[in-house]
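Close look at the chain arrangement
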Amino acid sequence: MLGAGQAEFLTTALYLQTGQSVSEAPPNSPCDDTSNRRSVCFPGAGMSQLSVLLPLTGLFLLISSTFGSESSVALPVSCVTRGADLMEDGLVVLCPPDCTQGRVSVFGTSVYASISSVCGAAVHRGVLGPSGGSVRVNKLHGRENYMSSFAHGIQSQVLSRWTASFSLTKPVSVPLELTSETIATALPVALKPAKKLKKPSVKKALKGGNKDCQMDIAMVIDSSKNIGQRRFNLQKNLISKLAAMLKVGPMGPHVGLIQASDSPRTEFLLTNYTQPKELLFAIKELAYLGGDTNTGKAIMHTAETFFSPENGARRGHPRVMMVLVDGWPSDELEQAAILARESGINVFLVSVARPAAEELAMVRDKDFMKKAVCKDNGFFSYLITSWFSTTKHVKPLAQKLCSLDSLLCSKTCYNSVNIGFLIDGSSSVGHSNFQLVLDFLEGIASSFEISDVGAHVGAVQFTYDQRLEFGLFDHSDKDETMNALQSIPYMSGGTATGAAISYTTQNLFRRMGPGRNFLIVVTDGQSYDDVRLPAIAAQEQGITMYSVGVAWAPLDDLKSMSSEPKDSHSFFTREFTGLAEFIPLLVRGICRDFTENN
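Residues numbered from 1 in each chain as written. Predicted model: local features only at pLDDT ≥ 70, side-chain atom pairs only at ≥ 80, totals over all residues. Heavy atoms only, no water.

What follows covers the overall build of the chain. Scanning the chain for helices and strands turns up 16 helices and 25 strands. Within the chain, contacts between residues at least 6 apart in sequence are counted, and of these 75% link residues at least 24 apart. (Helix = DSSP H or I, 4+ residues; strand = E, 2+ residues; numbered from the N terminus. Contact = heavy atoms within 4.5 Å.)

Residues Glu564 and Pro565 are joined by a peptide bond in cis, for which omega reads -10°. Tracing the chain through its elements places Pro565 in the loop between α14 (555-561) and α15 (566-569). Unusually for a residue other than glycine, Ser110 sits at a positive phi of about 75°. Since its relative accessible area comes to 29%, Ser110 is described here as partly exposed. A positive phi angle, near 60°, is found at Ala551, a position not held by glycine. In this structure, Ala551 sits in the loop between β24 (543-550) and α14. (Buried < 20%, exposed > 50% of the residue type's maximum accessible area, 1.4 Å probe, protein only.)

Let us look at the pattern of salt bridges. Tallied over the entire structure, the rule returns ten salt bridges. Where Arg82 meets Asp85, a salt bridge forms, and the shortest distance between an N and an O atom there is 2.9 Å. When its relative accessible area of 11% is taken as the criterion, Arg82 is described as buried. Where Arg314 meets Asp216, a salt bridge forms, and the shortest distance between an N and an O atom there is 2.8 Å. Of the two residues, Arg314 sits in the loop between α5 (295-306) and β17 (319-326) while Asp216 sits in strand β14 (residues 216-222), which places them 98 residues apart along the sequence. Looking at Arg314, the relative accessible area reads 13%, which means it is buried. Residue classification places Asp216 among the buried residues on the basis of a relative accessible area of 0%. What emerges from the salt-bridge pattern is a single network uniting Arg82, Asp85 and Glu278. (Salt bridge = Lys/Arg side-chain N within 4 Å of Asp/Glu carboxyl O.)

Taken in spatial order, the six strands line up as β22-β21-β20-β23-β24-β25 in an open sheet, and their pairing is mixed. Each edge of the open sheet is held by one strand with a lone partner, namely β22 (466-470) and β25 (570-573). Put simply, the sheet's adjacent strands are angled 20° from each other on average, direction ignored. Bridge count for strand β20 (residues 418-424) against strand β23 (residues 517-523) is six bridges, and the pairing is parallel. When the bridges of β23 are listed, Leu422 appears paired with Val521. Against the sheet, helix α12 (residues 497-507) touches β20, β21 (456-462), β22, β23 and β24, its axis set at about 45° to β22. The strands that helix α16 (residues 583-597) touches are β20, β23, β24 and β25; relative to β24, the one it contacts most, it runs at about 165°. (Pairing = 2+ DSSP bridges. Axes fitted to C-alpha atoms, helices over the stretch in contact; angles between N-to-C directions.)

Helix packing geometry: the angle between the two helix axes and the distance between the axes. The geometry of helix α3 (residues 228-246) relative to helix α4 (residues 276-284) is characterised by a closest axis approach of 10 Å and an angle of 170° between their N-to-C directions. By the criterion of interaxial angle, the relationship of α3 to α4 is roughly antiparallel. For the pair α3 and α4, the contacting residues are Lys236, Ile239, Ser240, Ala243 and Ala244 in the first and Leu279, Leu280, Ile283 and Lys284 in the second. Its residues assigned to classes, the contact of α3 with α4 shows six nonpolar, one polar and two charged. (Parallel < 35°, antiparallel > 145°, perpendicular 65-115°, else oblique. Nonpolar A, V, L, I, M, F, W, Y, C, P; charged D, E, K, R; others polar.)

Attention now moves to helix α2 (residues 118-125). Of all eight residues making up α2, seven are buried, and the element is well covered by its neighbours. Burial in α2 covers these residues: Val118, Cys119, Gly120, Ala121, Ala122, Val123 and His124. Gly126 sits one or two positions beyond α2 and adopts a positive phi of about 90°.

Take the nonpolar core next. Core analysis: the largest hydrophobic core is formed by 72 residues, its most contacted members being Met219, Ile239, Leu242, Leu246, Met321, Met322 and Leu324. Residues within four places of Met219 in sequence aside, it is in contact with Ile239, Leu242, Leu246, Val255, Gly256, Leu257, Ile258 and Met322. If you look at the next biggest cluster of nonpolar residues, it comprises 41 residues, including Phe448, Ala551, Val587 and Ile590. (Core = buried A, V, L, I, M, F, W, Y, C linked by side-chain atoms within 4.5 Å.)

Moving on, we get to the state of the cysteines. What the rule picks out here adds up to five disulfides. Sulfur-sulfur distance for the disulfide between Cys79 and Cys99 comes to 2.0 Å. Disulfide Cys79 to Cys99: torsion about the S-S bond roughly -90°, handedness left-handed. Residue Cys79 is located in the loop between β5 (73-76) and β6 (91-95), and its partner Cys99 is located in the loop between β6 and β7 (108-109); the two are separated by 20 residues in the primary sequence. Comparing Cys79 with Cys99, the two get one shared label, buried. Cys413 shares a disulfide with Cys591; S-S distance 1.8 Å. Handedness here is read from the sign of the S-S torsion; for Cys413 and Cys591, about 60°, the answer is right-handed. Here the residue Cys413 occupies a position in helix α9 (residues 413-416), and Cys591 occupies one in helix α16, the gap between them amounting to 178 residues. The burial state of Cys413 is the same as that of Cys591; both residues are buried. (Disulfide = S-S within 2.5 Å.)

Within the secondary structure layout, His317 lies in the loop between α5 and β17. Ignoring any residue separated from it by four or fewer positions in sequence, one finds His317 in contact with Gln214, Asp216 and Val453.

Scanning the model with the defined rule gives 14 aromatic pairs in all. Ring plane angle 80° and centroid distance 5.4 Å describe the contact between Phe306 and Phe307, whose orientation is recorded as edge-to-face. Classification of Phe306 as buried rests on a relative accessible area of 1%. Measuring from ring centre to ring centre gives 4.8 Å for Phe348 and Phe380, while their planes differ by 50°; the resulting arrangement is tilted. (Phe/Tyr/Trp six-rings, centres within 6.5 Å; stacked < 30°, edge-to-face > 60°.)

Let's shift gears to the sheet that holds β17. With mixed pairing, the six strands of this open sheet are ordered in space as β16-β15-β14-β17-β18-β19. With partners counted over all chains shown, the strands left at the sheet margins are β16 (265-268) and β19 (381-384), one partner each. Within the sheet, the average angular offset between the axes of one strand and its neighbour, ignoring direction, is 20°. Both strand β18 (residues 345-352) and β19 contribute to a ladder of four bridges, which runs parallel. Bridge pairing in β19 places Val352 opposite Ile384.

Below is the structure:
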């Protein structure tokens with residue numbers, strides 16, 4: 001007769017050996033001969049020692065062991081393993097250390113949605129510490145209103161509902177842990193299995209995503225009474241195929257969803273589902289709302305609240321809103337669309353089954369498509385004749401959403417400019433003043449959204465010689481760029497500003513981008529060479545130049561270097577401590593120039 005812990009061990013051993021499930025009959029009841037033929041049934045009882053000869057695929061496995069009454073085999077998992085990835089109830093898993101260091105998704109408090117990270121939830125619950133360990137996962141039914149909370153360094157999230165849940169408890173004892181190494185026990189030659197036991201594997205979450213489409217995408221779908229349940233399901237089918245085509249992932253596009261009805265309803269945020277399987281299941285579970293087609297309300301709601309850092313929007317990543325409308329909207333779109341454009345959001349409008357000629361009299365605003373989109377140039381508007389013929393439109397829609405260079409509304413000065421700093425490192429500056437210059441430049445750089453898809457910053461230091469400190473594309477986030485600026489060592493030497501401008505034009509601004517490239521020259525003295533011709537050459541290459549002079553820098557040189565109008569592109573202060581006053585003026589000037597040129 002087998003105790004509970006013994007039967008559980010046999011269950012695991014048999015499963016690893018054969019892939020067959022093992023069931024345990026209630027105590028004092030015989031096994032049912034009519035049960036599933038792929039199951040192995042053990043009568044339950046409490047026996048401390050066991051020697052069982054089991055036929056397994058033509059082999060015999062001899063197990064002779066002593067167990068405690070509450071033993072379990074711990075299955076190694078990763079930090080991103082979810083409750084939904086575990087097939088058995090009451091399974092004991094072994095979590096690795098440092099799961100709090102990465103971004104783990106946890107939904108709920110005490111009881112967690114099955115899409116939550118098991119190890120992240122265990123730390124949040126307090127069952128495990130940062131060093132990891134073993135925990136028992138108890139499967140529960142789905143529920144509504146998973147609550148968020150912050151505990152033990154983990155912030156859990158709200159979820160309105162999910163189909164399955166789990167809770168976590170500490171196992172009483174775990175005398176045996178499975179590791180990546182196989183420990184073999186000598187068996188009689190006749191009993192040795194012909195094949196090696198397979199190591200237990202942990203299903204790894206898909207990583208990465210489409211790195212060529214690092215967009216934050218809000219899908220606003222039509223859930224009005226106008227579309228009806230049948231076409232609503234066809235709409236879900238369309239966005240499911242589109243989501244699969246986009247290839248979401250931590251390093252790819254992030255997708256959230258809002259339903260438009262009487263009042264807009266956010267169904268999930270950008271970071272709730274960053275794996276394709278999770279996202280597709282969430283779309284499948286969407287419930288039809290009914291009500292009016294208040295698309296304007298939904299666009300306004302999305303523009304005001306959805307793309308905040310608290311809701312998972314990534315700094316410097318293009319923001320896209322794809323709005324699906326069945327027929328025509330019930331409300332005005334223009335004011336909401338203006339807010340979206342001013343917020344740097346690229347609004348696409350997909351009109352399905354547009355109004356027929358006899359229906360136009362019922363349409364509140366016949367130009368709603370032109371007024372809703374980012375720009376009325378044909379790129380941001382898309383027509384689909386019927387919900388029954390959407391499959392052929394999936395690929396062209398995905399290509400539009402991922403066309404970085406065409407997303408005109410996301411190109412604000414803060415996330416689109418290339419800024420070069422040309423820094424005077426001559427002997428007259430001195431170490432302490434050089435640090436003030438670096439602080440000044442850091443203040444300018446920190447005003448922009450620096451990322452691999454956003455703004456870029458590079459720096460060159462000069463005396464008689466020039467030194468490229470770091471290029472525009474060497475650092476992909478703000479923190480790296482700030483550290484690189486503050487780490488620039490002071491050179492000391494003469495002052496050849498003209499040669500430095502030529503060097504920077506050729507070596508820093510290698511990628512052409514008229515209206516996007518800006519060079520800020522900071523110098524404290526007169527140049528030993530001509531600055532006018534190199535500055536003209538730089539400006540002809542599409543570089544807008546700002547000159548900042550300190551102490552003995554001649555005003556004539558500053559004016560010669562700067563772009564037109566000279567007065568708004570050149571600055572002068574007697575003291576290095578006065579540089580900080582120019583930070584907001586330079587940032588506003590760059591944004592003004594960018595807007596005028598784009």
